[in-house]
Amino acid sequence: MLLLISPDSVEEALDCAKAAEHLDIVDVKKPDEGSLGANFPWVIREIRDTVPADKPVSATVGDVPYKPGTVAQAALGAVVSGATYIKVGLYGCTTPEQGIDVMRAVVRAVKDHRPDALVVASGYADAHRIGCVNPLALPDIAARAGADAAMLDTALKDGTRLFDHLAPDVCAEFVTRAHAAGLLAALAGSVRQGDLAALTRMGTDIVGVRGAVCAGGDRVAGRIRPDLVAAFRAEMDRQAREHAAGDPVAS
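What counts as what
What you see as residue numbers is a count from 1 along each chain, following the sequence as written. Given that this is a predicted model, residues contribute local features only at a pLDDT of at least 70 and side-chain atom pairs are listed and counted only at 80 or more, while totals for whole chains, interfaces and linings are drawn from all residues. Side-chain descriptors were evaluated using all non-hydrogen atoms of the structure, hydrogens and water having been removed beforehand. Numbering of helices and strands runs from the N terminus; a helix is a DSSP stretch of H or I covering at least four residues, while a strand is a stretch of E covering at least two. Within these notes, the globule rule equals 2.2 Å times the number of residues to the 0.38 power, and the radius of gyration is based on C-alpha atoms. Summary of the burial criterion: residues with accessible area below 20% of their type's maximum are buried, those above 50% are exposed, and those between are partly exposed, where the area comes from a 1.4 Å probe applied to protein chains only. Contacts are residue-level and defined by heavy atoms, with any inter-residue pair within 4.5 Å sufficient. In these tables, accessible area is a Shrake-Rupley quantity obtained with a 1.4 Å probe, and a residue counts as shielded only by the protein chains included in the view. Charge convention: Lys and Arg are scored as positive, Asp and Glu as negative, and His as well as the terminal groups of each chain are ignored. The atom standing in for a charge is NZ when the residue is Lys, CZ when it is Arg, CG when it is Asp and CD when it is Glu. Grid points spaced at 1 Å and placed over the protein atoms alone form the basis of the search, with a cavity being a set where a 1.4 Å probe fits but cannot get out and a pocket an open set showing protein on both sides within 12 Å along at least five of seven lines. Lining residues have an atom within 4 Å of a point. Grid points are joined across faces, edges and corners, and a volume is the space filled by probe spheres set on the points. Three classes are used: nonpolar for Ala, Val, Leu, Ile, Met, Phe, Trp, Tyr, Cys and Pro, charged for Asp, Glu, Lys and Arg, and polar for all others, with Gly counted as polar. To get an axis, fit a line to the C-alpha atoms, keeping to the stretch in contact for a helix; angles then go from 0 to 180 degrees between the N-to-C directions. Left-handed describes a crossing whose near helix is turned anticlockwise from the far helix through less than a right angle; right-handed describes the clockwise counterpart. By definition, the arc is the one covered by directions from the helix axis to the C-beta atoms. Here is the rule: rings of Phe, Tyr and Trp (six-membered ring for Trp) pair when centre to centre is within 6.5 Å. Planes less than 30 degrees apart are stacked, more than 60 are edge-to-face, and the remainder are tilted.

Colleague: Can you lay out the overall build of the protein for me, pointing to particular residues and giving the numbers?
Modeller: Looking only at helices and strands, one finds 10 helices and eight strands in the protein. Relative to the globule expectation of 18 Å for 251 residues, the C-alpha radius of gyration of the protein, 17 Å, shows essentially globular dimensions. Principal-axis analysis of the C-alpha atoms places the extent of the protein at approximately 45 × 40 × 35 Å. The 251 residues of the protein split such that 52% are buried. A separation threshold of at least 6 residues defines the contact pool for the protein, and within that pool the share at least 24 residues apart is 68%. Accessible surface, the protein as shown: approximately 10200 Å² in total, 52% of it carbon and sulfur. Averaging the positions of the 26 positive and the 33 negative side-chain charges in the protein gives two centres separated by 1 Å.

Take a look at the structure:
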């Protein structure tokens, strides 16, 4: 399982660089603009220059409306700025067909510029609260659009968490559908260390966190702390070892 950490500034990216050995992907977002709020192109470039070259940079392009052209331009801006994972939050898409329209435009814009970049279709565990596409539709949307990964986060950062909206068995079904479609499966949404056992068992490929590694657990006002990143990674590794030890195939 890969660990994705989301700094919102160059200063926080420096803290991520200090903990680079403990993380796999540096994700650029702007939390005060939403769950998948887009940061500025120059911030993406500066963070790309700040973190070690062997750490891929991910960038969100926002909790987007159903405007395929607008979103495609935003995605191109992110990849031109140095991101190799491009995440699109399908906030304003109310049907799978709308989601596919947006993601197909994004895939074309990104892959025409950089074929090896990875496009991530992101949905929301609390979709019922905002009226967007069903979370379990995301793997099919991503696959039909030619994306590389499907992700779930939470749209409303009000203290509720991933498993408050989707039971672990539903999240496991999401992962299974993503893998069946040949996609990476990513899960986020105020994930804590206590969630890692379940996320490991279901075969999650990427876990995304911010609040869990920020001072005071505050994703907006808190700053990322390298020691918290190290502690989170240590628990990930512990869960991976225990899961492997208990799996007759793995052993």
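And the narrative resumes.
Colleague: Quick one: what's the story with the layout of surface pockets, residue by residue and with numbers?
Modeller: What the largest pocket holds in volume is close to 360 Å³. Residue lining of the largest pocket: 23 residues in total, with Gly-189, Ser-190, Val-191, Gly-211 and Arg-219 positioned closest to the centre. Elements supplying a minimum of two residues to the lining of the largest pocket: strand E6 (149–153) and strand E8 (206–209). When its residues are assigned to classes, the lining of the largest pocket shows six nonpolar, nine polar and eight charged.

Colleague: Could you give an account of the environment of Gly-89, naming the residues involved and the relevant values?
Modeller: Position of Gly-89 relative to the elements: it lies in strand E4 (residues 85–89). Setting aside residues no more than four positions away along its own chain, Gly-89 makes contact with Leu-36, Gly-62, Asp-63, Val-64, Ser-122 and Tyr-124.

Colleague: Summarise the packing of helix H3 (residues 68–80) against helix H4 (residues 96–113); cite the residues concerned and give the values.
Modeller: In the contact formed by H3 and H4, the axes pass within 8 Å of each other and the chain directions differ by 30 degrees. Classified by chirality, the crossing of H4 by H3 is right-handed. Here H3 contributes Pro-68, Val-71, Ala-72, Ala-75, Leu-76, Val-79 and Val-80 to the contact with H4, which in turn contributes Asp-101, Val-102, Ala-105, Val-106, Ala-109, Val-110 and His-113. Per-class residue counts for the contact of H3 with H4 are 12 nonpolar, one polar and one charged.

Colleague: Any chance you could break down helix H6 (residues 138–145) for me, citing the residues and the numbers?
Modeller: Of all the residues in H6, the buried ones are Leu-138, Pro-139, Ile-141, Ala-142 and Ala-145. Projected onto a plane normal to the axis of H6, the buried residues spread over an arc of 165 degrees and lie on a single side. Among the residues trailing H6, Gly-146 stands out with phi positive, at a value near 85 degrees.

Colleague: Summarise the packing of aromatic side chains; cite the residues concerned and give the values.
Modeller: What the rule picks out here adds up to two aromatic pairs. Considering the side-chain rings of Phe-40 and Trp-42, the 4.8 Å spacing of their centres and the 5 degrees angle between planes classify their relative orientation as stacked. On the accessibility criterion, Trp-42 (45% relative accessible area) is partly exposed. Both rings, one in Tyr-91 and one in Tyr-124, keep their centres 5.8 Å apart while their planes meet at 85 degrees; by these two values the pair is edge-to-face. Taken as a pair, Tyr-91 in the loop between E4 and H4 and Tyr-124 in strand E5 (residues 118–124) lie far apart in primary sequence, 33 residues in all. Its relative accessible area of 32% is what places Tyr-91 among the partly exposed residues. Residue Tyr-124 is classed as buried on the basis of its relative accessible area, which comes to 0%.

Colleague: Talk me through unusual backbone geometry; I want residue IDs and the actual numbers.
Modeller: The backbone phi angle of Ser-190 is positive, close to 55 degrees, even though this residue is not glycine. One can find Ser-190 in the loop between strand E7 (184–187) and helix H9 (196–201). Given the relative accessible area of 33%, Ser-190 is considered partly exposed.

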